[in-house]
Amino acid sequence: MQDLTPVPDPAVESAGVDTGYAADAHTLRAPDLAVGNVPDAPGWVAGAPPLAVEYADTGQGEADLAVKIREFFAAGTRLIWVVRLTGPRRVEVYRPTAAGDVVSEVRVPGDLLEAPGILRNAVPVAALFDPEAAHEAALRNLLQRRGYASLEAVRTAGAVAGKIEGKIEGKIEGELDGLRAAILQVLDSRGLAIDERTRRDIVTCADRDALAGSLQRAAVCVKTDTLLDPD
């Protein structure tokens, strides 16, 4: 059985596996997966989840399943998905009518399961059977919970952040280049020669404050060997 609770749909505030519900004093039921109305507290939960998911495997009692479906609807559940694990892969979608009847339809891999007012996103039928499809749905939900519409949106945000960072780094490097050039120009205009080691230290220095101090000293110094390290 796929566990979708770690990263539920962005519209879902709570979900749980085998959560027990007490519709009344005599009716206790626990769906395989409950979506909504799963408080973080011990004991049976009053009422029912808006969406219940049942996994029907070998040995499933059809009569008991039918009773369970009607009891959940009577308690307030709006939608039930029965995932058939035997025979062709399929999901039976049950919903109550205004007249009190229950209607159903079948969805197969390639179809989408929708739960208006409960889930934001449609769930691929395959996600209830196939781990890879389930992981894709979980990733989408996780990204949306972090404010991204899709993985492409994450890539776009990263590219924009990279461009901004690049512009900032380029501006800083341009300022450093300007300070280095100014130091050398001032020394040249004053006719002061510098040795190769000092020149290399100046053109490779990435400390803005050190370069700014060197520029001030370049205008008044007599010797150039202490431009970057006056102490």
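Preceding this section is the structure that the text describes.
Cut-offs and rules
Residues numbered from 1 in each chain as written. Predicted model: local features only at pLDDT ≥ 70, side-chain atom pairs only at ≥ 80, totals over all residues. Heavy atoms only, no water. Helix = DSSP H or I, 4+ residues; strand = E, 2+ residues; numbered from the N terminus. Contact = heavy atoms within 4.5 Å. Areas by Shrake-Rupley, 256 points an atom, 1.4 Å probe, with all protein chains shown as cover. 1 Å grid on protein atoms, 1.4 Å probe; cavity = no way out; pocket = protein on both sides within 12 Å on 5 of 7 lines; lining within 4 Å. Points joined across faces, edges and corners; volume = space filled by probe spheres on them. Nonpolar A, V, L, I, M, F, W, Y, C, P; charged D, E, K, R; others polar. Buried < 20%, exposed > 50% of the residue type's maximum accessible area, 1.4 Å probe, protein only. Salt bridge = Lys/Arg side-chain N within 4 Å of Asp/Glu carboxyl O. Polar contact = N/O pair within 3.5 Å; in protein donor to acceptor, adjacent residues only side chain to side chain. Expected span 1.5 Å × (residues − 1). Arc of directions from axis to C-beta.

### Structural notes on the overall build of the protein
Piece 1. Counting its secondary structure elements, the protein contains five helices and 11 strands.
Piece 2. The contacts in the protein between residues at least 6 apart in sequence include a share of 48% that link residues at least 24 apart.
Piece 3. A total accessible area of about 13500 Å² is found for the protein, and carbon and sulfur atoms account for 53% of it.

### Here we look at empty space enclosed by the protein
Piece 1. Under the criterion given, the structure shown has one cavity of 30 Å³ or more.
Piece 2. A volume near 50 Å³ is recorded for the largest cavity.
Piece 3. Forming the walls of the largest cavity are Y21, A22, A23, T27, L28, R29, G47, E71, F72 and A75.
Piece 4. Of all the elements in the fold, those that place two or more residues in the lining of the largest cavity are β2 (21-24), β3 (27-29) and α1 (62-75).
Piece 5. The class makeup of the residues in the lining of the largest cavity is six nonpolar, two polar and two charged.

### Focus: unusual backbone geometry
Piece 1. Phi angles above zero are rare outside glycine, and D18 is one such case at about 55 degrees.
Piece 2. The exposure class of D18 is partly exposed, given its relative accessible area of 49%.
Piece 3. One non-glycine residue, N37, lies in the positive phi region at around 55 degrees.
Piece 4. Mapped onto the elements of the fold, N37 is located in the loop between β4 (33-35) and β5 (45-46).

### What about the pattern of salt bridges?
Piece 1. Counted according to the given criterion, the structure contains 11 salt bridges.
Piece 2. Across the pair E92 and R84 runs a salt bridge whose closest N-O atoms are separated by 3.1 Å. You'll find E92 and R84 in the same group, each marked buried.
Piece 3. For E175, the salt bridge identified is with R208, shortest N-O distance 2.5 Å. With E175 in helix α3 (residues 151-189) and R208 in helix α5 (residues 208-218), this pair connects stretches of sequence that are 33 residues apart.
Piece 4. Note on R208: relative accessible area 41%, which makes it partly exposed.
Piece 5. One network of salt bridges, with partners in common, ties together R29, D64 and E71.

### Brief notes about the side chain of E54
Piece 1. Along the chain, E54 falls in strand β6 (residues 51-56).
Piece 2. Within the local environment of E54, its side chain forms a polar contact with the side chain of K68, the two groups lying 2.9 Å apart.
Piece 3. With sequence-adjacent residues up to four places away left out, E54 is seen in contact with A30, P31, D32, L65, K68, F72, W81, V82 and V83.

### Focus on α1
Piece 1. Taking 1.5 Å as the rise per residue, α1 with 14 residues should run 20 Å; its terminal C-alpha atoms sit 20 Å apart, in good agreement.
Piece 2. Among the residues of α1, L65, K68, I69, F72 and F73 are the ones counted as buried. Down the axis, α1 shows its buried residues gathered within 130 degrees of arc, on one side only. Among the exposed residues of α1, those oriented more than 90 degrees off its buried face are A63, R70 and A74.
Piece 3. Where α1 is buried, its residues meet β2, β3, β6, β7 (79-84), β8 (90-96) and β9 (102-107).
Piece 4. Looking one or two places after α1, you find G76, whose phi comes out positive at around 120 degrees.

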